[in-house]
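Residue-level structural notes
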Amino acid sequence: MPAVKPLLELARPGQWIKNGFVLLPLFFAHALLDAAALRGALLATFAFCLAASAVYAFNDTRDVARDRLHPDKRNRPLARGAISVACALWMSVLLAVLAMIVAALANLHVVAVIAIYLASQFAYSISLKHIPFVDVLLVASGFGLRILAGGFGAQVPLTGWILVMAVLLALMLVLGKRHGDLVHDVQGRAALYDRRTVERILLVLAASVLGAYLLYSLSPDVMARHGHAALVYSSPWVVLGIARYLFLVLKRGAGGDPSRLATRDPLMLLASIGWLATLGFILYG
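These figures come from a predicted structure and were not determined experimentally.

**Focus: the overall build of the chain**
Helix and strand counts for the chain come out as 13 helices and 0 strands. From first element to last, N terminus to C terminus, the chain shows the α and β order α-α-α-α-α-α-α-α-α-α-α-α-α. Relative to the 2.2 N^0.38 estimate, which gives 19 Å for 285 residues, the radius of gyration of the chain is 19 Å and therefore close to what a compact globule would have. In terms of its C-alpha atoms, the chain occupies a principal-axis envelope of roughly 55 × 45 × 30 Å.

Put into structure tokens, the structure is as follows:
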């Protein structure tokens with residue numbers, strides 16, 4: 001039986017920070033202090049953590065040969081031989097089943113979202129990740145599904161703007177990761193993407209994310225719901241976060257792991273904490 005540590009590495013809990021997207025509908029709906037809504041949102045978040053780990057484990061079984069040639073990924077449990085492919089597959093199945101069970105504790109809508117997420121991401125791992133831009137769209141769609149799961153779990157109304165922002169931001173982050181692959185020329189990404197094209201799209205996406213956030217903050221429905229237009233005062237943190245991310249990706253080729261950038265780069269961390277603190281004061285202060 002494999003040791004616990006390699007199994008935890010395979011699950012990649014460090015990537016669970018992405019599942020913070022599930023809590024955004026709860027946060028923006030002024031429902032953070034509603035016990036029932038909070039319970040549903042947390043169950044949806046936990047279900048997504050399990051589902052994401054199931055996908056990571058399955059994806060690693062598909063990439064084990066290439067991971068052994070990668071300067072960083074060769075240290076993953078499967079690539080270094082700490083876990084067998086069969087064990088990783090069984091772990092993926094178990095985590096997927098547990099994700100569905102936890103989602104069912106929230107409601108059937110969350111179950112449906114988790115099922116769609118698992119199906120799309122398994123399809124991505126099997127073949128679709130080799131199709132340029134289809135791979136990016138599939139990964140980005142996972143963030144839109146996180147928003148849906150959060151809204152369904154908390155049973156709060158969803159606005160189109162939150163979904164649009166989530167998908168645009170996810171597209172930017174995923175393309176930033178592809179740019180990092182191009183810079184370091186790993187896993188054949190150079191054959192799938194043109195670096196200059198990716199950089200141009202990144203700039204368009206960055207402007208789109210900021211524009212969508214401003215339009216959301218100043219939309220009549222949002223101002224009516226919150227009773228003010230103060231959400232727009234959180235936009236400088238968004239500008240800082242996007243500008244810093246573009247600098248790290250385009251000038252330093254550091255787009256490989258957005259989760260690591262968000263938690264380890266001082267300015268990215270400042271932008272995240274400042275944004276959350278400002279929103280918390282505006283919405284709940």
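**Here's the deal with a nonpolar patch on the surface**
Nonpolar side chains collect at one region of the surface, where W90, V93, L94, V97, L98 and I101 lie side by side and expose about 610 Å² of accessible area between them. Tracing the backbone shows L98 in helix α4 (residues 85-106).

**Thoughts on the packing of aromatic side chains**
Applying the stated criterion to the full structure yields 7 aromatic pairs. A ring pair is formed by F28 and W275, whose centres lie 6.3 Å apart and whose planes are at 55°; its orientation type is tilted. Taken together, the residues F28 in helix α2 (residues 24-28) and W275 in helix α13 (residues 266-284) connect sequence positions 247 residues apart. Neither F28 nor W275 differs from the other in exposure class; each is buried. Ring pairs connect the aromatic residues F27, F28, Y216, W275 and Y284, which therefore count as one cluster. Note that R146 overlies the ring of F143, its terminal NZ or CZ placed 4.8 Å from the centroid.

**A few points about the environment of A115**
With respect to the helices, strands and loops of the structure, A115 is situated in helix α5 (residues 108-126). Look at A115 and you get partly exposed, because its relative accessible area is 31%. For A115 and G14, which are 101 residues apart along the polypeptide, the C-alpha to C-alpha distance reads 23 Å.

**Remarks on the environment of L38**
Tracing the sequence through the fold places L38 in helix α3 (residues 35-67). According to the relative accessible area criterion, L38 is partly exposed, its value standing at 30%. Those residues within four positions of L38 in sequence are excluded, and the remaining contacts are L26 and L32.

**Some remarks on the packing of helix α11 (residues 235-252) against α13**
Taken N-terminus to C-terminus, the directions of α11 and α13 make an angle of 160°; their axes are 8 Å apart at the nearest point. In terms of axis orientation, α11 runs roughly antiparallel to α13. Crossing angle aside, the handedness with which α11 passes α13 is left-handed. Taken together, the residues of α13 that come into contact with α11 (itself represented by W237, V238, L240, G241, R244, Y245 and L248) are L267, M268, L270, A271, G274, W275 and T278. Residue composition of the contact of α11 with α13, by class: 10 nonpolar, 3 polar and 1 charged.

**Brief notes about α13**
With 19 residues, α13 extends 26 Å from end C-alpha to end C-alpha; this agrees with the ideal 27 Å at 1.5 Å per step. Among all positions in α13, only M268, A271, G274, W275, T278, L279, I282 and L283 are buried. Projected down its long axis, α13 shows its buried positions confined to an angular sector of 145°, all on one face. Across from the buried face of α13, at angles greater than 90 degrees, the exposed residues are P266, I273 and F281.

**A look at helix α6 (residues 134-154)**
Between its terminal C-alpha atoms α6 stretches 30 Å, which fits the 30 Å expected from 21 residues at 1.5 Å a residue. Of all 21 residues in α6, 15 are buried, a share of seventy percent or more. Once α6 ends, the next one or two residues include Q155, with phi positive near 55°.

**Points about unusual backbone geometry**
You will see that R12, though not glycine, has its phi angle at about 50°, which is positive. Mapped onto the fold, R12 is located in the loop between α1 (4-11) and α2. The buried category is assigned to R12, whose relative accessible area is 16%. In the Ramachandran plot, Q155 falls in the positive-phi region, its phi being about 55° despite a non-glycine side chain. With respect to the element layout, Q155 can be found in the loop between α6 and α7 (160-184).

**Side note on the packing of helix α9 (residues 195-217) against α11**
One way to put it is that α9 packs onto α11 with a least axis distance of 10 Å and a crossing angle of 170°. With respect to α11, the axis of α9 lies roughly antiparallel. Listed contacts from α11 to E199, L202, L203, A206, V209, L210, Y213 and L214 of α9 are S235, V238, V239, I242, L246, V249 and L250. For the contact of α9 with α11, the class distribution of residues is 13 nonpolar, 1 polar and 1 charged.

Conventions we followed
Residues numbered from 1 in each chain as written. Predicted model: local features only at pLDDT ≥ 70, side-chain atom pairs only at ≥ 80, totals over all residues. Heavy atoms only, no water. Helix = DSSP H or I, 4+ residues; strand = E, 2+ residues; numbered from the N terminus. Rg over C-alpha atoms; globule rule 2.2 N^0.38 Å. Patch = residues over 30% accessible without salt bridge, like charges linked within 9 Å, V, L, I, M, F, W, Y side chains within 5 Å. Areas by Shrake-Rupley, 256 points an atom, 1.4 Å probe, with all protein chains shown as cover. Salt bridge = Lys/Arg side-chain N within 4 Å of Asp/Glu carboxyl O. Phe/Tyr/Trp six-rings, centres within 6.5 Å; stacked < 30°, edge-to-face > 60°. Buried < 20%, exposed > 50% of the residue type's maximum accessible area, 1.4 Å probe, protein only. Lys NZ or Arg CZ within 6 Å of the ring centre and 35° of its normal. Contact = heavy atoms within 4.5 Å. Axes fitted to C-alpha atoms, helices over the stretch in contact; angles between N-to-C directions. Parallel < 35°, antiparallel > 145°, perpendicular 65-115°, else oblique. Left-handed = near helix turned anticlockwise from the far one by under 90°. Nonpolar A, V, L, I, M, F, W, Y, C, P; charged D, E, K, R; others polar. Expected span 1.5 Å × (residues − 1). Arc of directions from axis to C-beta.

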